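Now for the letters of each chain:
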Amino acid sequence: MALWKSVGLWTVCVVLCLLGKISGLDNGLALTPPMGWLAWERFRCNTDCKNDPDNCISDRLFRTMTDILVSEGYAAAGYEYINVDDCWPERERDARGRLVPDRERFPYGMKSLADYVHSKGLKFGIYEDYGNFTCAGYPGVVGHLSGDAATFAAWGVDYVKLDGCYALPADMDFGYPEFGRQLNLTNRQMVYSCSWPVYQIYAGIQPNFSSIIEHCNLWRNFDDIQDSWASVESIIDYYGNHQDVIVPNAGPGHWNDPDMLIIGNFGLSYEQSKTQFAIWAILAAPLLMSVDLRTIRPEYKAILQNRKIIDVDQDPLGIQGRRIYKHRGIEIWSRPILPIQGQYYSYAVAFVNRRTDGTPSDVAVTLRELGLNNPAGYRVEDLYEDVDYGVLSPQTKIKVKVNPSGSVVILRADAQPSFAFNSIPTRTPYSPLNDVFRLTKK
Ligand SMILES: *[C@@H]1O[C@H](CO)[C@@H](O)[C@H](O)[C@H]1NC(C)=O
Ligand SMILES: *[C@@H]1O[C@H](CO)[C@@H](O)[C@H](O)[C@H]1NC(C)=O
Ligand SMILES: *[C@@H]1O[C@H](CO)[C@@H](O)[C@H](O)[C@H]1NC(C)=O
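Residues numbered from 1 in each chain as written. Chains lettered and ligands numbered in written order. Predicted model: local features only at pLDDT ≥ 70, side-chain atom pairs only at ≥ 80, totals over all residues.

With an unreviewed UniProt entry as reference, the protein is termed Alpha-galactosidase, source organism Trichoplusia ni. Recorded in UniProt for the protein, the comment headed Subunit (unreviewed entry) runs: "Homodimer." Note on the protein: under the UniProt heading Subcellular location (unreviewed entry), the record states "Lysosome". (UniProt positions renumbered as here; feature names shortened; annotations may be inferred.)

This is the structure in structure tokens:
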């Protein structure tokens, strides 16, 4: 029952997603969710380079991660940004009011680091805060919006994450767009990552998502991720429970950000790591790894470099997926993806088992029950295991075995073309609006 209700909601979403005039920030960036490496979750505000030179927030850490992104195949898999987070600047601005990178930890300056990242074919991201201070107490941008935007452009920054500590959430409706305007005025294209909605939600203010979409490439809706399965579950629940508000806001150039990937750290099992990656792909989430790439074990690296799941995350339609079923610890999540055949989308479908009763659960469902109605069928394959189910009709019942304790099975179902002899070969190109109307007529 619940399953059918949810599939009905998909139609509502598709209508809202495509009819709702959602035009994002017009800077030509993040047409698919950004991918890269971000220091915060794993390396935090470690500034102690004297005692911990290998792990402190420093020029050396970012150059090392840049090298590994390239040498270990992450860049080839699509990871592109090397992003600095909090704790990079001096506590005081210089005499002319400019931000200064910590002189000991970034002795060559940020331009030199950005140049290095660029020389490896990657892009460089930095962190600031719309407020008097960053969350860790370094200078914020308020009062210096145009100067700081110009500084970032001069350094060659490609991506700015703007946090919201030490600011009034009510001011953000003005402040985030204003800093975005200042970034735009530099004429350097920079991805703009906002924390605007999450601080407003904490303050009991309903975020104005049409404004957020217009001014930010991505934004945080919920808590900072921590190194635990409980944290990942709380994020999955938040996105599922609020999906009617959240999902329609996503699209090329404007994404919901459920926060970093913690795969390869201390808190997730192997199975739970596969689940974070699969659900983040269903959510059309930015894929920002926060892990020590020097020591990550090969099986976790393989998850992060799973091309089939990255392809789902990076699907050009940019439609965020939804939780379509949740009952007794079993969840099904689904996301429409390319190719579209006639009126039918293809889908990625993830089955998650959050039960803790120690043994795999069988989940049996027909493709039709998942909302997959293409009469010509779907080619179905497993995205972690090397299993190709062949072409299945909508009435085929598929059965997957999902391990307990936060494990996942993720499938991809590619709609097959119909080669009916009697069909009129009209070959009208796909138009999302036609598709909506045909979908809703049913
Ligand atoms: C600045 O904004 C204009 C208008 O939205 C847009 O066309 C242009 O590409 C933007 N430039 C940059 C560098 O983001
Ligand atoms: C930021 O600093 C200014 C000037 O000291 C002060 O008036 C304002 O209240 C501060 N804002 C917040 C949110 O603390
Ligand atoms: C939300 O933002 C849009 C676009 O900036 C604006 O037109 C609209 O008035 C805002 N809505 C509210 C309720 O403030």
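After that view of the structure, there is still more to cover.
Draft legend 1. Examining the overall build of the protein more closely. Broken down by element type, the protein carries 15 helices and 16 strands. By the burial criterion, 46% of the 442 residues in the protein qualify as buried. Expressed as a percentage of contacts within the protein between residues at least 6 apart in sequence, the contacts between residues at least 24 apart total 75%. (Helix = DSSP H or I, 4+ residues; strand = E, 2+ residues; numbered from the N terminus. Buried ≥ 20, exposed ≤ 12 C-beta atoms within 10 Å, placed from the backbone. Contact = placed C-beta atoms within 7 Å.)

Draft legend 2. Representation of the site of ligand 3 within the structure. Contacts to ligand 3 come from Asn 208, Ser 210, Ser 211 and Glu 214. Of the residues belonging to the shell around ligand 3, the class tally is no nonpolar, three polar and one charged. (Near = placed C-beta within 6 Å. Nonpolar A, V, L, I, M, F, W, Y, C, P; charged D, E, K, R; others polar.)

Draft legend 3. Up close: the environment of Ser 290. Its place among the elements puts Ser 290 in the loop between β8 (287-289) and α13 (298-304). As for Ser 290 and Met 260, which are separated by 30 residues in sequence, their C-alpha atoms are 6.2 Å apart.

Draft legend 4. Representation of the packing of helix α3 (residues 59-71) against helix α5 (residues 109-119). The N-to-C vectors of α3 and α5 enclose an angle of 10°; their axes lie 10 Å apart at closest approach. By the criterion of interaxial angle, the relationship of α3 to α5 is roughly parallel. Touching Asp 59, Phe 62, Arg 63 and Thr 66 of α3 are Leu 113, Tyr 116 and Val 117, all from α5. Its residues assigned to classes, the contact of α3 with α5 shows four nonpolar, one polar and two charged. (Axes fitted to C-alpha atoms, helices over the stretch in contact; angles between N-to-C directions. Parallel < 35°, antiparallel > 145°, perpendicular 65-115°, else oblique.)

Draft legend 5. Up close: helix α10 (residues 229-241). Taking 1.5 Å of rise per residue, the 13 residues of α10 would be expected to cover 18 Å, and the 18 Å separating its terminal C-alpha atoms lies within 8% of that figure. Elements that come into contact with the buried residues of α10 comprise α11 (243-246) and α12 (270-282). (Expected span 1.5 Å × (residues − 1).)

Draft legend 6. Spotlight on the sheet that holds strand β7 (residues 255-257). Taken together, the eight strands give an open sheet; going across it, the order is β7-β6-β5-β4-β3-β2-β1-β8, and neighbouring strands pair in parallel fashion. The open sheet has two edge strands, β7 and β8, and neither has a second partner. Here the average twist between neighbouring strands, direction ignored, is 25°. In this sheet, strand β2 (residues 81-83) lies alongside strand β1 (residues 35-38) in parallel orientation, the contact comprising three bridges. Note on β2: the bridge partner recorded for Gly 36 is Tyr 81. (Pairing = 2+ DSSP bridges.)

Draft legend 7. Local environment of the pairing of strand β15 (residues 397-402). Of the two faces of β15, only one is covered, namely that formed by Ile 398, Val 400 and Val 402; the face formed by Lys 397, Lys 399 and Lys 401 stays uncovered. As defined by bridge partners, strand β12 (residues 361-366) adjoins β15 across six bridges and the pair is classed as antiparallel. The residue bridging Asp 362 from the neighbouring strand is Lys 401, located in β15.

Draft legend 8. Here's a closer look at the sheet that holds strand β13 (residues 378-382). Across the sheet, six strands lie side by side as β9-β10-β11-β16-β13-β14; this open sheet has antiparallel pairing. Strands at the two margins of the open sheet, each flanked by one partner only, are β9 (322-327) and β14 (388-392). Sheet twist, expressed as the mean angle between neighbouring strand axes with direction ignored, is 20°. Pairing between strand β11 (residues 344-353) and strand β16 (residues 407-415): seven bridges, direction antiparallel. Opposite Tyr 347, over in β16, you have Ala 413 as the bridge partner.

Draft legend 9. Region of the structure containing the site of ligand 2. Around ligand 2, a shell composed of Asn 132, Tyr 166, Ala 167 and Leu 168 is seen. Here the shell around ligand 2 is built from residues that sort into three nonpolar, one polar and no charged.

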